[in-house]
Amino acid sequence: MSDKKFYLTTAIAYLNGSPHMGHALEIIQADCLARFYRLIDDDLVFQTGSDEHGVKIYTTAQEKGIDTQEFIDKYYEEFIHLYNTLNISYDRYCRTTSELHEKGVIKFWKAMQKNGDLEKAQYQGMYCVGCESFKTESELENGRCPFHLNRELIKVEEENYFFKLTRYKEKLLDIYENDIIEIIPRRRKAEIVGILKSELTDISFSRLKTKMPWGFEVPGDEEHVIYVWADALANYITNIGYEYDEHEFNSIWPADIHLIGKDIVKFHAIYWPAMLLSAGIPLFKKLFVHGFITIEGSKIGKSLGNAVDPLVLIKEYGVDPFRYYILKNIPSYDDGSFVEDDLVETYNTSLADDLGNLLLRVLTFLIKDFDHKIPKFISAEEIDQEFIDKFNFVSELKESMDNFQINKVLNRVWEFIKDTNKYINEVEPWVLRKDENKNERYRSVLHILTDAIRVISIYISPFMPSIADKIKDIINYQDECSFKNIDFDPNLSGKVGNKVVLFPKIELKKADPMQIFDFKIGKIIDVHFHPESSKIYVLTVDVGGEERTICAKIAKDYTQEDLMNNTYPVLVNIKSRSILGIESEGMLLGAKDPQTKRTIIAEIKGVAGEQLYIGDLEPKPRVVSGKKFNKTKMKVKKNKIRIRDKYLKSKKKYVQIDLPDGIRIN
Ligand code: ME8
C-alpha cells in the first residue's frame with residue numbers, strides 16, 4: 001500500500017468580483033469528486049483557493065478607488081461564505097497573497113531559473129486582462145479575445161523575463177501521445193496537441209513593477225513582478241509543503257486530478273507541466289475539464305448581473321437540491337444551461353417523487369407495524385435476492401467517475417432508487433402485512449428495504465451530503481459512510497425516527513413575460529462624445545456598484561452638464577451591442593417629441609442601483625434582445641411609462657417622462 005494521498009484540486013478563482021454560477025458549478029463538481037473518492041479511501045486532500053494577484057484585480061480595485069488588499073479581502077469573504085453554504089468539504093485553501101505561497105513561488109522560480117529557463121528579453125504583445133494572458137493572432141476573433149469580447153486588448157511593450165516554453169515542445173507532445181497526463185474529455189487533448197504543434201512560443205513570465213505592482217517581486221530583481229499565472233499555478237504545490245515540508249509534499253504531490261474550466265486548459269496542459277519539468281517536479285496525473293454554464297442560454301456576464309446569484313437559488317430551493325440539479329442537469333464536461341423551471345421539475349420528480357416518496361413509503365410500514373423497529377432479516381426469496389444483488393455497483397460508478405462522468409454516476413444511483421421503488425411494487429408489502437402466513441416474509445422484505453435506504457444514503461452522499469446525513473439519522477445508522485459498507489447487511493438493527501417529508505413539492509411559478517426585464521436606477525458619472533459620431537454620447541453609468549458603458553444618441557438634445565450626476569431608469573439586461581465600435585451595455589428610455597423633434601429621456605430620482613418594477617411584478621431577469629424590448633410596446637401615459645396595464649416605478653416613485661400621451665418608448 002502506498003501512503004500517497006489522493007490529491008484533488010480546483011482552479012483558484014480571481015477575487016475581482018462576487019462568486020457566480022460558474023464558480024458554484026466547479027466547486028460543487030470538485031466536492032462531489034472528493035466525497036466520492038473518500039468513500040473508497042478516506043486518505044484524500046481536496047484543495048481550493050483564490051487567485052489574488054494580477055492586472056485584473058489591481059486595475060479593478062484602482063478604478064473603484066479601494067485599497068487592493070481590502071478589495072480582495074471582501075471577495076475572499078464572499079467566496080468562503082458561498083463554499084460554506086454549499087457544504088464544500090475542502091481540506092486546504094490557498095490564498096496566493098499568503099506568505100507561505102510567496103516562499104513557495106520564489107523557490108519554484110529559482111528552480112526554473114537554475115535550469116536556464118528564465119531569461120530577460122524585450123517583448124511586445126497584445127494582452128487580454130480578462131484571461132490575464134498574451135494572445136497570439138490565431139487565438140483572436142475579429143481582433144478580440146473570444147472569452148472577453150467586451151474588453152479591448154492592451155498593447156504591452158516592455159522588457160520581461162521569459163520562460164523558455166519552446167524547449168519543452170517535444171517532451172509535452174510525448175506526454176500527451178503516451179497519456180502520461182490524461183486530459184478528460186479526450187477531445188480537449190486534440191486542441192492542446194494542435195497548439196503544441198503549431199503556435200508554441202516562449203512566454204512572458206513577469207511584468208514591470210512600475211506598471212503592475214500587485215504581485216511577488218522577481219527574486220533578485222526588484223523592478224519586476226512575477227506574472228500572475230506563474231504565481232497562481234504554483235498554488236497546487238506551495239500549499240502542500242513544497243517549500244516547507246518535504247515529507248508532507250511527497251505524501252500529497254503529484255496531483256491525481258486538477259479540475260478546471262475549458263477556458264484555462266492551455267495554462268494547465270502546456271504551461272504547468274513545462275514549469276514542473278523545468279523545476280524537476282513530478283507531473284500531475286489527470287486534468288478534468290468542465291464546460292461553461294450559461295443562464296437560460298446566455299453567457300454569465302454583466303447583462304445578468306447578480307440575477308442568478310447561487311446564494312439566492314440556495315435560499316429558495318435548499319443547498320442539496322441545488323447541488324443535485326447542477327450535477328444532474330449540467331453535463332460534467334460539456335456546456336450546460338441553467339434553467340430555473342428545470343430545477344423545479346427535477347426537484348419534483350427525482351427528489352420528491354423518487355427519493356422522498358421511497359423513504360416515506362418504507363417508514364410508514366416500519367412505524368405502523370413494527371413500532372419503528374427495523375425487523376430482523378430471516379430469509380430471501382428469489383425476487384428478494386435479485387434485488388439484494390443490485391446493492392453493490394461501486395466498480396461501475398468508479399469507472400464513470402474516473403472518466404469525469406458525474407451525471408452518469410448520478411443517473412446510475414437513481415436507477416437503484418427506482419429499482420427499490422419497483423421492488424416495493426413487485427413484492428407488495430401492503431398485501432404481505434395482511435396475511436398471517438406471510439409474517440416472516442413481510443419482516444424480511446421490510447428489513448431489505450430499510451437496508452436499501454441505508455445504502456442509498458451512502459450512494460447519494462457525494463451529491464447531497466446533508467440529505468444523506470438526514471436519512472442516516474432517520475434510520476439511526478451510525479457506521480462510517482463508506483463503500484466498505486455498501487453490501488446488504490442482514491444484521492442491520494435499531495429504531496427509525498418519525499416520518500419526514502424530505503422534499504415538499506414546489507409549485508412551478510408561471511412567470512409573467514414582463515418579469516424578464518431588469519430596470520435599475522442609473523447615475524451618470526461620465527459623459528463624452530463618441531469618437532465616431534457627434535450625435536452620440538458615450539455615458540458611464542453607475543447602476544449600483546457596477547459601471548456600464550452606454551451609447552445614447554442624445555447629444556443634440558442634452559448637454560453634458562444636463563446629464564452629469566443625474567439619475568435615469570436603465571434597462572440593464574438588454575443584450576450588449578456594438579455602436580460604431582463601442583460596446584453599449586444597457587439602455588436609457590426615451591422617445592422623440594413629435595412636435596419639437598427633440599429626444600426626451602425618462603427620469604427618476606433615487607439611488608444608483610435601486611430596483612425598478614413594472615407594477616407589482618418581481619423581476620426575474622434574462623438577457624433581453626432589442627427585438628424583444630420593442631415588442632413590449634411601452635407607451636407614455638400621463639407623463640408616466642405604461643407597459644400593458646402597469647407602470648414603471650421604484651418602490652417610492654413613478655418614472656417620469658415629459659412627452660404627450662400615446663408616444664411609443666424606444
Ligand atoms: O480562471 N461556467 O479564475 P476565474 C463554468 N484565476 N465555469 C466557469 C465559468 C462558467 N460560466 N466561468 C468561469 C481563473 N469558470 C484563474 C484560475 S488556476 C491556477 C487560476 C471557471 O475566477 C473557470 O473556467 O476566472 C475556472 O476554472 C474557474 O471558474 C475560476 O475562474
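Residues numbered from 1 in each chain as written. Predicted model: local features only at pLDDT ≥ 70, side-chain atom pairs only at ≥ 80, totals over all residues. Heavy atoms only, no water.

**Here's the deal with the overall build of the protein**
Defined as follows: What counts as a helix is a DSSP run of H or I of at least four residues, what counts as a strand is a run of E of at least two, and both are numbered from the N terminus. For every residue, the accessible area obtained with a 1.4 Å probe (protein chains only) is divided by the maximum for its type, and the residue is called buried under 20%, exposed over 50%, and partly exposed between those limits. The criterion used for residue contact is that any of the two residues' heavy atoms lie within 4.5 Å. Calculation of accessible area relied on Shrake-Rupley with a 1.4 Å probe; when residues are assessed, cover is drawn exclusively from the protein chains displayed. The charged-residue count follows a simple rule in which Lys and Arg add positive charge and Asp and Glu add negative charge, with His and chain termini not counted at all. Throughout, a charge is located at the NZ atom of Lys, the CZ atom of Arg, the CG atom of Asp or the CD atom of Glu.
When helices and strands are tallied, the protein shows 21 helices and 29 strands. Overall size of the protein, expressed as C-alpha extent along the three principal axes, is 95 × 75 × 40 Å. A burial count over the protein gives 55% of its 666 residues as buried. The long-range fraction of contacts in the protein, counting pairs at least 24 apart against all pairs at least 6 apart in sequence, stands at 76%. Accessible area of the protein: about 29,400 Å², with a carbon and sulfur share of 46%. Side-chain charges in the protein split into 93 positive and 103 negative, and the spacing between the mean points of these groups amounts to 7 Å.

**So, the packing of aromatic side chains**
For any pair of aromatic rings, the description consists of the separation of the ring centres together with the inter-plane angle of the planes. Here is the rule we go by: Here the aromatic set is Phe, Tyr and Trp, taking the six-membered ring for Trp, and pairing holds for ring centres within 6.5 Å; pairs whose planes are under 30 degrees apart are stacked, those over 60 apart are edge-to-face, and all others are tilted. Our definition puts a charge over a ring when NZ of Lys or CZ of Arg is within 6 Å of the ring centre and also within 35 degrees of the ring normal.
For the coordinates displayed, the defined rule picks out 45 aromatic pairs. Judged by centre distance (4.8 Å) and plane angle (70°), the rings of Tyr127 and Phe134 are edge-to-face. Take Tyr127 and Phe134: they sit in the same class, and that class is buried. Its guanidinium or amino end placed over the ring of Tyr242, Lys107 lies 4.6 Å from that ring's centre, counting from NZ or CZ. Positioned over the ring face of Tyr654 is Lys640, at 4.5 Å from the centre of the ring.

**Focus on the site of the ligand**
Selection rule: Residues are labelled near a given molecule or strand when at least one of their non-hydrogen atoms is within 4 Å of it. Counting of polar contacts relies on pairs of N or O atoms within 3.5 Å, with two restrictions inside protein: one atom must be capable of donating a hydrogen and the other of accepting it, and residues adjacent in sequence are counted only when both atoms are side-chain atoms.
Around the ligand sit 25 residues, and of these Ile12, His23, Glu26, Asp51 and Asp263 come closest. Here an oxygen atom of the ligand and a backbone polar atom of Gly261 are 2.9 Å apart. Between an oxygen atom of the ligand and a side-chain N or O atom of Asp263, the distance comes to 2.5 Å. Here the ligand, which alone exposes 660 Å², has 93% of that area covered by the protein. For the shell around the ligand, the secondary structure elements donating two or more residues are strand S2 (13-14), helix H1 (21-40), helix H7 (228-232), helix H8 (235-238) and strand S13 (257-261). Considering every element that reaches the shell around the ligand, the biggest residue donor is H1, with four residues.

**Regarding the sheet that holds strand S23 (residues 587-588)**
Going by this rule: Note on pairing: two strands pair once DSSP finds at least 2 bridges between them.
The strand order across the open sheet built from five strands is S19-S18-S17-S20-S23, with neighbouring strands paired in antiparallel fashion. The outermost strands of the open sheet, each flanked by one partner alone, are strand S19 (547-552) and S23. Sheet analysis places strand S17 (residues 519-530) next to strand S20 (residues 567-571), joined by five bridges and oriented antiparallel. Looking at the pairing, Lys523 lines up with Thr567 of S20.

**Structural notes on the packing of H1 against helix H12 (residues 319-329)**
Convention followed: Note on method: axes are straight lines fitted to C-alpha atoms, helices fitted across the in-contact stretch only, with angles between N-to-C directions ranging 0 to 180 degrees. Roughly parallel covers angles under 35 degrees, roughly antiparallel covers those over 145, roughly perpendicular covers 65 to 115, and oblique covers all other angles. Polar here means any residue outside two lists: the nonpolar Ala, Val, Leu, Ile, Met, Phe, Trp, Tyr, Cys and Pro, and the charged Asp, Glu, Lys and Arg; Gly therefore counts as polar.
Where H1 meets H12, the closest approach of the two axes is 10 Å, and the angle between their N-to-C directions is 90°. Judged by the angle between their axes, H1 and H12 are roughly perpendicular. In contact with Met21, Ala24, Leu25, Ile28, Gln29, Asp31, Cys32 and Arg35 of H1, H12 contributes Phe322, Arg323, Ile326 and Leu327. Among the residues forming the contact of H1 with H12, the class breakdown is eight nonpolar, one polar and three charged.

**Some points on the domain arrangement of the protein**
Interfaces are frequently sized by the accessible area removed from exposure as the parts join. For clarity, the cut-off: As used throughout, domain bounds are those supplied by an automatic or database domain assignment.
For the protein, the domain assignment lists domain 1 (6-290), domain 2 (352-485) and domain 3 (513-649). On a C-alpha basis, the centres of domain 2 and domain 3 stand 57 Å from each other.

**Comments concerning helix H13 (residues 340-370)**
Let me state the cut-off plainly: Fitting axes to the seven residues that end at a residue and to the seven that start at it, the angle between those axes gives the bend at that residue.
The sharpest bend along H13 comes to roughly 35°, located at Ala352. Positive phi appears at Asp371, one or two residues downstream of H13, with a value of about 50°.

**As for the pairing of strand S12 (residues 221-226)**
As defined by bridge partners, strand S10 (residues 206-208) adjoins S12 across three bridges and the pair is classed as antiparallel. In the sheet register, Leu208 faces S12, and the bridge partner there is His224. Pairing of strand S11 (residues 217-218) with S12, which is carried by two bridges, proceeds in the antiparallel orientation. Directly across from Glu217, in S12, lies its bridge partner Val225.

**So, the sheet that holds strand S9 (residues 203-204)**
Read across the sheet, four strands follow the order S6-S5-S7-S9 without closing on themselves; strand pairing throughout is antiparallel. Of all strands in the sheet, those bounded by a partner on one side alone are strand S6 (133-135) and S9. Two strands pair when backbone bridges link them, and strand S5 (residues 118-128) and strand S7 (residues 154-163) are joined in this way by ten bridges, in the antiparallel orientation. Bridging across to S7, Lys120 finds its partner in Tyr161. Helix H10 (residues 265-279) contacts S6, S7 and S9 of the sheet and is inclined by roughly 30° relative to S7.

**Focus on empty space enclosed by the protein**
Rules: Site definitions follow a grid-based scheme: protein atoms alone, a 1 Å grid, a 1.4 Å probe that fits but cannot get out for cavities, and for pockets an open set with protein on both sides within 12 Å along at least five of seven lines, plus lining residues having an atom within 4 Å of a point. Grid points are joined across faces, edges and corners, and a volume is the space filled by probe spheres set on the points.
In the structure shown here, the tally under the stated rule is two cavities of 30 Å³ or more. Taken as a whole, the largest cavity encloses approximately 50 Å³ of empty space. Lining the largest cavity are Met514, Gln515, Phe517, Phe519, Leu612, Tyr613, Ile614, Leu617 and Pro619. Among the residues making up the lining of the largest cavity, the classes are represented as eight nonpolar, one polar and no charged. Empty space within the second largest cavity amounts to approximately 40 Å³. Split into classes, the residues belonging to the lining of the second largest cavity amount to three nonpolar, no polar and five charged.

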